[in-house]
Amino acid sequence: MTVAPADLGFSTTVEALRLREWQLGPGEPTLVLDQFSAEDFHLIVDDRADVHVSSKDGRFCLGWFPLGRPGTNGEGWKIAVTGTAKVRGYHVSFDTETLADIVAAAVARVLETSPRLWQRGHRQIALAL
């Protein structure tokens, strides 16, 4: 039995590949951090120059680790939202080279889905913004 040799390559044209220029590198972290106001969030910069942001109620946390989060393999951003007694929370991680634009979009979406609550007496009232 004779088997025809496999063609090990391929040919194409630049037009067929539709070459693009892709933005690489971490970008500007201020695109992420500027979304947080001192009125609603605490911001801490630690001795490693890592940045920690948390909501005043402590249920939302964001960490930015420019040199990588200790104990991980290159985790640069961590977003976490604590759940409730009935619904689990969630967390999302991005590596140190993820574009800040992408992290900023994820943070913006998380913030959009969290209506501001005001306490009046013992009741909480959701404020439609």
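Residues numbered from 1 in each chain as written. Predicted model: local features only at pLDDT ≥ 70, side-chain atom pairs only at ≥ 80, totals over all residues. Heavy atoms only, no water.

### Looking at the environment of Ser114
Part 1: Tracing the chain through its elements places Ser114 in the loop between α3 (100-112) and β6 (117-120).
Part 2: Only 3.0 Å separates the side chain of Ser114 from the backbone oxygen of Leu111, close enough to count as a polar contact. (Helix = DSSP H or I, 4+ residues; strand = E, 2+ residues; numbered from the N terminus. Polar contact = N/O pair within 3.5 Å; in protein donor to acceptor, adjacent residues only side chain to side chain.)

### Let's talk about the pairing of strand β4 (residues 75-81)
Part 1: Within β4, 6 of the 7 residues are buried, leaving the element largely enclosed by the surrounding structure.
Part 2: Two strands pair when backbone bridges link them, and strand β3 (residues 60-64) and β4 are joined in this way by 5 bridges, in the antiparallel orientation. Bridging from a neighbouring strand, Gly63 pairs with Lys78 of β4.
Part 3: Two elements, β4 and strand β5 (residues 90-95), share 6 bridges in a ladder whose sense is antiparallel. What sits directly across from Lys78, in β5, is Ser93. (Buried < 20%, exposed > 50% of the residue type's maximum accessible area, 1.4 Å probe, protein only. Pairing = 2+ DSSP bridges.)

### As for the pattern of salt bridges
Part 1: For the structure shown, the criterion picks out 4 salt bridges.
Part 2: One salt bridge in this structure joins Glu75 and Arg69, with 2.8 Å as the shortest N-O distance.
Part 3: A relative accessible area of 11% means that Glu75 is categorised as buried.
Part 4: Glu75 is the salt-bridge partner of Lys78, the closest N and O atoms lying 3.9 Å from each other. The pair formed by Lys78 and Glu75 is uniform in burial state, with each residue classed as buried. (Salt bridge = Lys/Arg side-chain N within 4 Å of Asp/Glu carboxyl O.)

### What about α3?
Structural remark: α-helix, 3.6 residues per turn; residues separated by three or four positions point the same way.
Part 1: Helix length check: α3, at 13 residues, gives a terminal C-alpha distance of 18 Å against a target of 18 Å (1.5 Å per residue), a fit within 8%.
Part 2: Of all the positions in α3, only Ala100, Val103, Ala104, Val107 and Val110 are classed as buried. All buried residues of α3 lie within an arc of 125 degrees about the axis, which places them on one face of the element.
Part 3: Those residues of α3 that are buried lie in contact with α2 (30-33), β3, β4 and β5. (Expected span 1.5 Å × (residues − 1). Arc of directions from axis to C-beta. Contact = heavy atoms within 4.5 Å.)

### Overview of the nonpolar core
Part 1: Core analysis: the largest hydrophobic core is formed by 18 residues, its most contacted members being Val32, Phe36, Val53, Phe60, Leu62, Trp77 and Val107.
Part 2: Mapped by element, the contributors of at least two residues to this core are α2, β2 (51-55), β3, β4 and α3.
Part 3: Of all the elements, α3 adds the most residues to this core, at 5 residues.
Part 4: Not counting chain neighbours up to four residues away, the residues in contact with Val107 comprise Val32, Gln35, Phe36, Leu62 and Ile79. (Core = buried A, V, L, I, M, F, W, Y, C linked by side-chain atoms within 4.5 Å.)

### Things to note about the side chain of Thr98
Part 1: Here Thr98 shows up in the loop between β5 and α3.
Part 2: In contact with Thr98, not counting residues within four places along its chain, are Gly25, Pro26, Trp77 and Val103.

### A short note on the environment of Asp101
Part 1: Residue placement: Asp101 occurs in helix α3.
Part 2: With 75 residues separating them along the chain, Asp101 and Pro26 place their C-alpha atoms 8.6 Å apart.
Part 3: Discounting chain neighbours no more than four positions away, the residues touching Asp101 are Gln23 and Leu31.

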